[in-house]
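Okay, here's what each chain looks like letter by letter:
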Amino acid sequence: MVMSVSAPRCLQWSDREDYELEDYEAEVPRWCTGCGDLAILAAVQRLCRDEQLPLENLVFVSGIGCSSRFPHYMKTYGFHGLHGRALPVAEGIKLKRPDLHVFVNTGDGDCCSIGAAHWLHAIRYNMDMTVMLHDNEIYGLTKKQASPTSPKGLKSNTTPRGAYLEGLNPLATTLGVANVSFVAQAVDWAPAHLYEIISQAFHHKGLSFIRIVQRCPEFLPAHFDSFMQDPERLLLLTHEDGIPATPDLSRAYPQREVHDPSDINRAREIASLTDRIPIGILYRNEAAVCYEDVVGSDTLSTPKTVRTNLEAELDKFTVWPPSEEREGRG
Amino acid sequence: MNEGGKHKTTARKKSAVELAEHVVEIVSDSGEGAQKCGQSFASIAARMGNGIWTVEIIPAEIQPPARSVEGASGNRIRLGSGAITNGGDAADLVVAFNEHVLLGRLRDGELKPGCIILLESKWRTDRDPEISTLYATICNELVEGGYRVYEIPMETECLRLVTDARRGKNMFVLGLLCRIYSLDRALALEQVALTFAKKGESVIAPNQRLLEAGWGWAEENLDIRFSVPATPATEPRLVVNGNTALGLGVMASGMEVCAMYPITPATSASHYLSEVFQNVGGVVHQAEDEIAACAFAIGASYAGKCAVTITSGPGYSLKQEGIGLAVMAEIPLVVVNVQRGGPATGQPTKVEQGDLLSACFGSHGDAPKVVMAVSDIEDCFYSVITARKIAEMFNVVVVLLSDASLGTAQQPFPRPDFHEDWLAPPVDQSPVPEGVTPYDWNPKTGLARRFIPGQPNGMHTLTGLAHDSRSRIAYDPAVNQEGIRRRSLKLAALQKTLKTPPLFGDEKGELLVIGWGSTKGAIEEAVQRVRADGYSVSALHLKFLQPMASGIKEVLQGFERVMTVETNWCDDLEDELIDEENRRYSNLAWMLRARCLVDIDCWGEVKGQPIKPGRIEKAIRQRLR
Ligand SMILES: Cc1ncc(C[n+]2csc(CCOP(=O)(O)OP(=O)(O)O)c2C)c(N)n1
Ligand code: SF4
Ligand SMILES: [Mg+2]
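Cut-offs and rules
- Residues numbered from 1 in each chain as written.
- Chains lettered and ligands numbered in written order.
- Predicted model: local features only at pLDDT ≥ 70, side-chain atom pairs only at ≥ 80, totals over all residues.
- Heavy atoms only, no water.
- Helix = DSSP H or I, 4+ residues; strand = E, 2+ residues; numbered from the N terminus.
- Rg over C-alpha atoms; globule rule 2.2 N^0.38 Å.
- Buried < 20%, exposed > 50% of the residue type's maximum accessible area, 1.4 Å probe, protein only.
- Contact = heavy atoms within 4.5 Å.
- Areas by Shrake-Rupley, 256 points an atom, 1.4 Å probe, with all protein chains shown as cover.
- Lys, Arg positive; Asp, Glu negative; His and termini not counted.
- Charge placed at Lys NZ, Arg CZ, Asp CG, Glu CD.
- Donors = N, O, S within 2.8 Å, 3.2 Å for Na, K, Ca; no water.
- Pairing = 2+ DSSP bridges.
- Right-handed = clockwise from strand over helix to strand, strands pointing away.
- Polar contact = N/O pair within 3.5 Å; in protein donor to acceptor, adjacent residues only side chain to side chain.
- Buried area = accessible area lost by both parts, 1.4 Å probe.
- Salt bridge = Lys/Arg side-chain N within 4 Å of Asp/Glu carboxyl O.
- Axes fitted to C-alpha atoms, helices over the stretch in contact; angles between N-to-C directions.
- Near = heavy atom within 4 Å.
- Nonpolar A, V, L, I, M, F, W, Y, C, P; charged D, E, K, R; others polar.

Draft legend 1. Structural detail: the overall build of chain B. Summing up its helical and strand segments, chain B has 21 helices and 23 strands in all. The C-alpha radius of gyration of chain B comes to 27 Å, within 12% of the 25 Å expected for a compact globule of 625 residues. The C-alpha extent of chain B, read off along each of the three principal axes, is 90 × 60 × 50 Å. Expressed as a percentage of its 625 residues, the buried residues of chain B come to 61%. Put simply, of all contacts in chain B between residues at least 6 apart along the chain, 77% involve residues at least 24 apart. Within the structure as shown, chain B displays about 23900 Å² of accessible surface, and the carbon and sulfur contribution to it stands at 51%. With 65 positive and 77 negative side-chain charges, chain B shows a separation of 3 Å between the mean positions of the two kinds.

Now the structure itself:
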């Protein structure tokens, strides 16, 4: 009796470690008190713990900005690269490493301004990774300049008389790209919902894009207050194939819409709402092709394949001495 | 006028004039197949054992207007009895499908005064009087100018065999040339079969007939006949252009990722790789731009897959920030720059060596990287293998400089024998031992290991911010200083392994000519010519530009004067505005002056053409007493 109980446990111990939250926590984040990035970090660490993801198989890739400090606060592999270039770096990492879980943390300047070209193309490549857009509608790290997602009229150091143009809509933009496969939105101040969204994004095969409305109390202290204080201004998207309406969520968010994530037309309409912030999964298409699955071939790079194929290529271009040729090498 | 006609009766009897070498050009409007004709001609000669060097003549536009001076498209073939190391001087014989493309070559100074011109004669009787008059005028002028013009009814002759002469003329001309240069007829027919192998017998047969017709026509009607005796090859040789050689090198080096964005004149390397790379498990990723291509390659390399990014000048400029990141984070990366004319869009299809300084010193801050240059076609192949090894051994960026002339030039070289040590060793994914840090720098060499994602205990965040040996952000100024020192030391460590390049010529003398990259063959040929006249001139060619091998300063000290010859700009002291204090030097001259504290002169040309040995010879003679 005793034996039969302890054996599986023994196996469990030797097979995998039990990861605790703190196993994923690196240094104390240097973000400002109340910064929405902290909530995103907490949700991601919880996800890793709940999924028991081995530290060495996780790579967090970021650009430059407050939000791009994210990888430093994870005790995993991280790549804190160049402003705007997180996505192409992440693509290169993922290309031939299906064993790695790749996450991208990027700011609204990082993703929607300097890295905008990469953003659109990353959506189309649809490589298997989870992309979190930390959208505080402002440049944090460089101290309060307008971002492409800043709403018209927003006063900043570069727009002291108010931003001139309407902000760019990251959801609508993403939903306009061919081969898009997963688009969702969350707000940093609804942690349970944020967690759910990140978790569903993580389980999606393909590029999952989450715009996270993120507060920057340092530079835009009251910017999202109207949405925070009035739950009526959030629109909760629910669906049995998306985030189901749990009693807790229903109580917190009176405005709800049952939205089928396979319906891209309605997704585009929802994305374009201006009076309310929709939260939930706007679009999901499991059938979209992942670039890494179709580019190249299944051939493994081994000394043997290189030798064989290189010799075959050299043959194509070789001029044989006449004697050898005449002897049938041709 | 029509010399061919005049000499009709004597043509057959004429025996071949023996030559040590000849430069032949075939030019047409683009789409008329002059390039295929030239390449086939070169291949036949190479198979007979002749030394060859071919240069593509490429118009700047895809479909330039027909019969235009700018539209010349085709091939230049220099063939010789011995090895040929460059495209040579002006052409000895040119075949032109119309008189305008011919004028283009004349204007560019590519034709030897009095050279032989084989010209399509159909324009003389063109229905458009403007065309026929112009043709007649130009023909007259050429004859008066001393050129030996042979008018040849190419189209008429082809129409006897095919309905669309535009598509057959090139093989007719190939036949003409093979006969003129006494090439092996059987080999020529075989070459046609090879050229059209993919298209099948129904295409091969008519083209072989066209070749025979050209041969026959020359035999009947032309009094010119040469032979460039060949030493039959005893070993298998590879005939490819520099970009294909690069692609083969990428395969042979065990790389797995090539990230690129299309740009002339680098694209053909990626075209070739796109065909074959996947056979060895490789991927060619056409990124959305060069910034992404560079970042993608960095990501792949970080994840343990050897990567290269191939580009040309404008793309190289865009990659600069990414290159700095790879330097800072010590990620191995090979960047190939097939240089073209700059700045900005410059001259996309033309050669220039203007990117040496930006390769060495580009990217903001102190970003030490290795810079190598390829000097011939064979070098294109082997240098990629060396570059990959250096990049992985030292965790550095290696910039490999080629250029438009090497990219499209062909020169046979011994078929490589594959060695397994060309490949990257398998990535170490074993757990990282306790206490070992990601930038576990060797205090003497600056060499560091690196941890690959997936490796247990190696977790760290790589950063483009200044960092310490544990990859923690450097808030302490001393840490930044130390990081820069370590990265710098890696170049010194590599430099210790480099051998002083060998001198061409004697160790002491009046003048030393230094070059790098594609000018090697032309410089050495020019030096050889003046040496033959008794001058004590030597040449030195650098493969490693950064770091530079030791011993170079000592080499310079053996000479009274030193100059560089480069295909990039340098101010001329003869210019009224220019003096010692404001003169801007050629790229390598700047670097050598700074490193060796020697007063180094320079000469160069930026005409978009490979510098000819004759031009170099002239520049050298001007500097000799
Ligand atoms: C090439 C380049 N340009 C500009 C910068 C300066 N820069 C750093 S972060 C940043 C914007 C950050 O805003 P965002 O992406 O929204 O991130 P946040 O700080 O708001 O999280 C800028 C402009 C840089 N690092 N690199
Ligand atoms: S400046 Fe704004 S975005 Fe940056 S850490 Fe502070 S609160 Fe967060
Ligand atoms: Mg921001």
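Draft legend 2. Quick look at the coordination of the magnesium ion (ligand 3). Residue and element names in this part refer to chain A. Around the magnesium ion (ligand 3), the protein contributes the donor atoms Asp108 (OD), Asn136 (OD1) and Ile138 (O), which lie 2.0 to 2.2 Å from the metal centre. The sequence motif formed by the donor residues of the magnesium ion (ligand 3) is D-x27-N-x1-I. Since its relative accessible area comes to 7%, asparagine 136 is described here as buried. Its relative accessible area of 1% is what places isoleucine 138 among the buried residues.

Draft legend 3. View of the pairing of strand 13 (residues 333-339) of chain B. All names here are of chain B. Burial analysis of strand 13 places seven of its seven residues in the buried class, the great majority of the element. A two-sided burial pattern is seen for strand 13, the buried positions comprising Leu333, Val335, Asn337 and Gln339 on one face and Val334, Val336 and Val338 on the other. Bridge analysis of strand 12 (residues 307-311) against strand 13 gives four bridges, and the strand direction is parallel. Residue pairing in the sheet places threonine 311 in a bridge with asparagine 337 of strand 13. In terms of handedness, the path from strand 12 via helix 13 (residues 313-329) over to strand 13 forms a crossover that is right-handed. Note that strand 13 and strand 15 (residues 397-403) share seven bridges and pair parallel. Looking at strand 15, one finds that valine 335 is bridged to valine 399.

Draft legend 4. Looking closely at the pairing of strand 7 (residues 148-152) of chain B. Residue and element names in this part refer to chain B. Among the five residues that make up strand 7, four are buried, leaving the element largely enclosed by the rest of the structure. With five bridges joining them, strand 6 (residues 111-120) and strand 7 adopt parallel strand pairing. In the sheet register, glutamate 120 faces strand 7, and the bridge partner there is isoleucine 152. Following the backbone out of strand 6, through helix 5 (residues 129-144) and into the adjacent parallel strand 7, one traces a crossover that is right-handed.

Draft legend 5. A look at the side chain of glutamate 330 of chain B. Residues and elements named next belong to chain B. By the element assignment, glutamate 330 lies in the loop between helix 13 and strand 13. On the basis of relative accessible area, glutamate 330 is assigned to the buried category, the value being 2%. Looking at glutamate 330, its side chain comes within polar contact range of the side chain of tryptophan 441, at 3.0 Å. Within the structure, the side chain of glutamate 330 is placed 2.8 Å from the side chain of lysine 490, a separation counted as a polar contact. In this structure, glutamate 330 is in contact with Leu325, Asn395, Tyr439, Trp441, Ala448, Arg450, Arg487 and Lys490, ignoring residues within four places of it in sequence.

Draft legend 6. Molecular detail of the interface of chain A and chain B. In this complex, chain A contributes 58 residues to the contact, which on the side of chain B involves 70 residues. Here chain A and chain B share an interface that buries about 5500 Å² over both sides, 63% of which is from carbon and sulfur atoms. Among the residues chain A hides against chain B, the three largest losses belong to Tyr77, Phe317 and Val319 of chain A. Together they make up 13% of the total. Where chain A meets chain B, there are three salt bridges.

Draft legend 7. Fine view of the sheet that holds strand 15 of chain B. Residues and elements named next belong to chain B. Strand order in this open sheet of seven strands is 11-10-12-13-15-14-21, and the pairing throughout is mixed. With one partner strand each, in any of the chains shown, strand 11 (283-286) and strand 21 (544-546) form the two edges of the open sheet. Ignoring strand direction, the axes of neighbouring strands in this sheet form an average angle of 25 degrees. Here helix 11 (residues 267-276) sits on the sheet and contacts strand 10 (257-260), strand 11 and strand 12; the angle it forms with strand 10, its principal contact strand, is near 140 degrees.

Draft legend 8. Molecular detail of the site of ligand 1. Surrounding ligand 1, one finds 17 residues, the nearest of these being Cys66, Ser67, Asp108, Asp110 and Gly140 of chain A. Ligand 1 sits at a junction of chains, with neighbouring residues supplied by chains A and B. Residue cysteine 66 of chain A places a main-chain N or O atom 2.7 Å away from an oxygen atom belonging to ligand 1. Within the backbone of glycine 109 of chain A, a nitrogen or oxygen atom sits 3.0 Å from an oxygen atom of ligand 1. Surface burial for ligand 1 is 76%, taken as the share of its 590 Å² of free accessible area covered by protein chains. Here the shell around ligand 1 is built from residues that sort into six nonpolar, eight polar and three charged.

Any functional reading would require information that these geometric values do not contain.
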